[in-house]
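The chain contents come next:
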Amino acid sequence: VLLDKEMLCEVDDMQLVKSVLNGNIDSFNEIIYRYEASIYKFVLAMVKEPEDAKDITQDVFITLYNKLYTYRGKSKFSSWVYQIARNKSIDYIRKNKRIIKLNIEEAFDISSNEPMPEQRYEFKETKAEIESFLKCLDDITRQIIILKALDEDMKFCDIADILNVNVSTVKTKYYRLWDKYNKYLNEKRCKAL
Amino acid sequence: MNCRTFSKSLKDYIAGELSEDVNEAMEKHISRCEKCNMLYESEYGSYKAIKGMALPQNIDFTSSRYEILQSIDKERYNMSFSKKLSFYFRRNSIKYALGAVAIIAVIALSSLAINQFKNINMMGKSNTQDVPKAGSSVENVSPADSTPKDVPAANTNTKDVPATNSNSKDVPANKSNTKDTSQPSKTQENKSNNQVKQNNVYNNDKLGISFTVPQSWIGRYTVKEETYGVNVFFKPTVPAPEGSGLIFCLIKEGYGDEEFLDSMGDPKTIVAKGVTYHIDGPRDIGFPDDHKEYKDYQKFRQDVPSVVKTIKTVK
């Protein structure tokens, strides 16, 4: 499959993969263009260090290129790329013994942009308590919320594919966290009253 | 859509997990119902907050495309057919490994099965050896020896084989000889009434000699093959000195006396498979006269001419 440079942006991932496997390096360039930013975000969310995230992202694409012949098309290509990124990030975390922390501060920033002023107030008041709330999250839940946050189009089935778990597990974990967060907010509101 | 259905589907709606049709219905309901609109705002706030927890803000992203393209081997997939083939095999290496394991397992199992089959065949052959068969080459042969363990013993067939049991106490029971490990030389016919008749024909395919003995001999004689010929011995129930009890013998020409014994009857010689045998007998007393079965031995000696008459060559 030899694709014209102008056509590249229109073809689907599978065609790009076939084209790369036929020696078309422009097709690989298109793959980088499509996924580099979101993979970088995902890795950064996982490892928290921008420079390391950049190196890992490069490593992800080099591995992706070298192992491209093993891609069978059984899962979505994007899921396969995220799987590589996830594995690289976990390797990095293990090597550096880093603990994935969620962005409490940034969560505040986001919330402070919300139209509800009481919510903004509550967030500022309960910083320490949110920290303890987040500590109880397991690795899979953290990865689920990272992946869900990355892309609006990312469905639970795609996340399940990347994390190699059931869709129901992903959905349950995500909604349970959501309910827990709502419950936490309600308790805070009651206390404030 | 009512408020209950709306609240049930609200999380899925915000998470983008609903179909377009349902999404439209949800949007319509939000625009119409203030209460549900409030609920939506609250849930959406939580959703955004959770998203905010997950991802870092103000990401400063610069593409590393150039570095990546510099690091990869651009010729990796721009290659010959043989290299593509090697990628294909590497890609399917697990399949091939599993296939190889399956083939090895099949080979191992089939060789096992073949061995088992051979064993069964060998067992089958040994069974047929247990079944008395005329013409088997043996050293010690007696009709009683040929009685297989799973076939009723000859002494149970008193009516059909009166000679076998007519010899009162002196007659060795055929059953008592079943432990003898010597190979059989007699054929048996297993009739539907479970009675066994023993064939009294001695057959030696190796030497090409056959003869028929009287019923009274069954179980009471032994044939010994020697390099110089074949000796037929009386088999007493009470042990007798070794080498005693010779009834008659077939001696290869040049090994024995040239003078024939008249007591042996006719023929005097027989040619089997190109070898000439002289039919001979004991030149001395043959069996101790103080042995309690001496009379039986004498009777056997008297039967010799009739047996010699039946000697013939077989192919």
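In case you missed it, the structure is sitting above this.
A few points on the structure. Since the model is a prediction, treat every value here as computed from it, not as a measurement.

**Brief notes about the packing of helix α2 (residues 25-47) of chain A against helix α8 (residues 139-150) of chain A**
All names here are of chain A.
Phase 1 of the analysis: At a minimum axis distance of 10 Å, the contact between α2 and α8 shows a crossing angle of 150°. Classed by the angle they form, the pair α2 and α8 counts as roughly antiparallel. The crossing of α2 and α8 is right-handed. Taken together, the residues of α8 that come into contact with α2 (itself represented by Ser38, Lys41, Phe42, Ala45 and Met46) are Gln143, Ile146, Leu147 and Leu150.

**Some remarks on the pairing of strand β6 (residues 229-234) of chain B**
Residue and element names in this part refer to chain B.
Phase 1 of the analysis: Of all the six residues making up β6, six are buried; the element is thus mostly covered by neighbouring parts of the structure.
Phase 2 of the analysis: The sheet contact formed by strand β5 (residues 221-226) and β6 spans six bridges and is antiparallel. Counted as the bridge partner of Tyr221 is Phe234 from β6.
Phase 3 of the analysis: The loop that links β5 with its antiparallel partner β6 comprises two residues.

**Describing the packing of aromatic side chains**
Phase 1 of the analysis: This structure, assessed with the given rule, holds 27 aromatic pairs over all chains.
Phase 2 of the analysis: The interplanar angle of 10° and the centroid separation of 4.9 Å between the aromatic rings of Trp217(B) and Phe300(B) together place this pair among those described as stacked. With Trp217(B) in the loop between β4 (209-212) and β5 and Phe300(B) in helix α8 (residues 294-309), this pair connects stretches of sequence that are 83 residues apart.
Phase 3 of the analysis: Take Trp217(B): its relative accessible area is 0%, and that puts it in the buried class.
Phase 4 of the analysis: Among the aromatic residues, ring-to-ring pairing joins Phe156(A), Tyr174(A), Tyr175(A), Trp178(A), Tyr13(B), Tyr40(B), Tyr44(B) and Tyr47(B) into one connected group.
Phase 5 of the analysis: The ring of Phe156(A) has Lys148(A) sitting right over it, with the charged end atom 4.5 Å from the ring centre.
Phase 6 of the analysis: The ring of Phe233(B) carries Lys224(B) above its face, with NZ or CZ at 5.7 Å from the centroid.

**Topic: the sheet that holds β5(B)**
Residue and element names in this part refer to chain B.
Phase 1 of the analysis: The five strands are arranged β5-β6-β7-β9-β8 in an open sheet whose pairing can be described as antiparallel. Where the open sheet ends on each side, the last strands, each with one partner, are β5 and β8 (269-272). Sheet twist, expressed as the average angle between the axes of neighbouring strands with direction ignored, equals 20°.
Phase 2 of the analysis: Taken together, the five bridges between β6 and strand β7 (residues 246-252) define a ladder with antiparallel strand orientation. Pairing of Val230 across the sheet is with Leu250, part of β7.

**Here's the deal with the interface of chain B and chain A**
Phase 1 of the analysis: Counting residues at the interface gives 42 residues for chain B and 56 residues for chain A.
Phase 2 of the analysis: Note on chain B versus chain A: buried area summed over both sides is about 4800 Å², and carbon and sulfur give 60% of it.
Phase 3 of the analysis: Our count for the contact surface shared by chain B and chain A stands at three salt bridges.
Phase 4 of the analysis: Salt-bridge contacts for Lys171(A) lead to Asp12(B); the nearest nitrogen and oxygen are separated by 3.7 Å.
Phase 5 of the analysis: Scanning the region where chain B abuts chain A turns up 18 residue pairs in polar contact (both at pLDDT 80 or more).
Phase 6 of the analysis: Counting residues per element, the ones that place at least two in the side of chain B that touches chain A are α1 (3-15), α3 (34-54), α4 (65-71) and α5 (81-91) of chain B.
Phase 7 of the analysis: Element by element, the count of residues in the side of chain B that touches chain A is highest for α3(B), at eleven residues.
Phase 8 of the analysis: Among the residues making up the side of chain B that touches chain A, the classes are represented as 16 nonpolar, eleven polar and 15 charged.

**Quick notes on the nonpolar core**
Phase 1 of the analysis: Residues Phe28(A), Leu64(A) and Phe77(A) are the most contacted members of the largest nonpolar core, which totals 76 residues.
Phase 2 of the analysis: Beyond its immediate sequence surroundings of up to four residues, Phe77(A) is in contact with Asp13(A), Val17(A), Ile31(A), Tyr35(A), Leu64(A), Leu68(A) and Tyr71(A).
Phase 3 of the analysis: Membership of the second largest hydrophobic core comes to 28 residues, among which are Tyr221(B), Val230(B), Phe287(B) and Tyr297(B).

**Quick look at the sheet that holds strand β3 (residues 201-204) of chain B**
Within a sheet, each strand pairs with its neighbour through backbone hydrogen bonds, oriented either parallel or antiparallel.
Residue and element names in this part refer to chain B.
Phase 1 of the analysis: Pairing is antiparallel across the open sheet formed by three strands, whose spatial order is β3-β4-β10. A strand with exactly one partner marks an edge of an open sheet, and here the two such strands are β3 and β10 (312-313).
Phase 2 of the analysis: Sheet analysis places β3 next to β4, joined by four bridges and oriented antiparallel. In the sheet register, Asn204 faces β4, and the bridge partner there is Ile209.

**Some remarks on the side chain of Asp13(A)**
All names here are of chain A.
Phase 1 of the analysis: Mapped onto the secondary structure, Asp13 falls in helix α1 (residues 13-21).
Phase 2 of the analysis: On the basis of relative accessible area, Asp13 is assigned to the buried category, the value being 17%.
Phase 3 of the analysis: Side-chain polar atoms of Asp13 contact the side chain of Arg34, separated by 2.8 Å.
Phase 4 of the analysis: Side-chain polar atoms of Asp13 contact the side chain of Tyr35, separated by 2.3 Å.
Phase 5 of the analysis: Residues within four places of Asp13 in sequence aside, it is in contact with Arg34, Tyr35, Phe77 and Ser78.

So, how was this worked out
- Residues numbered from 1 in each chain as written.
- Chains lettered and ligands numbered in written order.
- Predicted model: local features only at pLDDT ≥ 70, side-chain atom pairs only at ≥ 80, totals over all residues.
- Heavy atoms only, no water.
- Axes fitted to C-alpha atoms, helices over the stretch in contact; angles between N-to-C directions.
- Helix = DSSP H or I, 4+ residues; strand = E, 2+ residues; numbered from the N terminus.
- Parallel < 35°, antiparallel > 145°, perpendicular 65-115°, else oblique.
- Left-handed = near helix turned anticlockwise from the far one by under 90°.
- Contact = heavy atoms within 4.5 Å.
- Buried < 20%, exposed > 50% of the residue type's maximum accessible area, 1.4 Å probe, protein only.
- Pairing = 2+ DSSP bridges.
- Phe/Tyr/Trp six-rings, centres within 6.5 Å; stacked < 30°, edge-to-face > 60°.
- Lys NZ or Arg CZ within 6 Å of the ring centre and 35° of its normal.
- Buried area = accessible area lost by both parts, 1.4 Å probe.
- Salt bridge = Lys/Arg side-chain N within 4 Å of Asp/Glu carboxyl O.
- Polar contact = N/O pair within 3.5 Å; in protein donor to acceptor, adjacent residues only side chain to side chain.
- Nonpolar A, V, L, I, M, F, W, Y, C, P; charged D, E, K, R; others polar.
- Core = buried A, V, L, I, M, F, W, Y, C linked by side-chain atoms within 4.5 Å.

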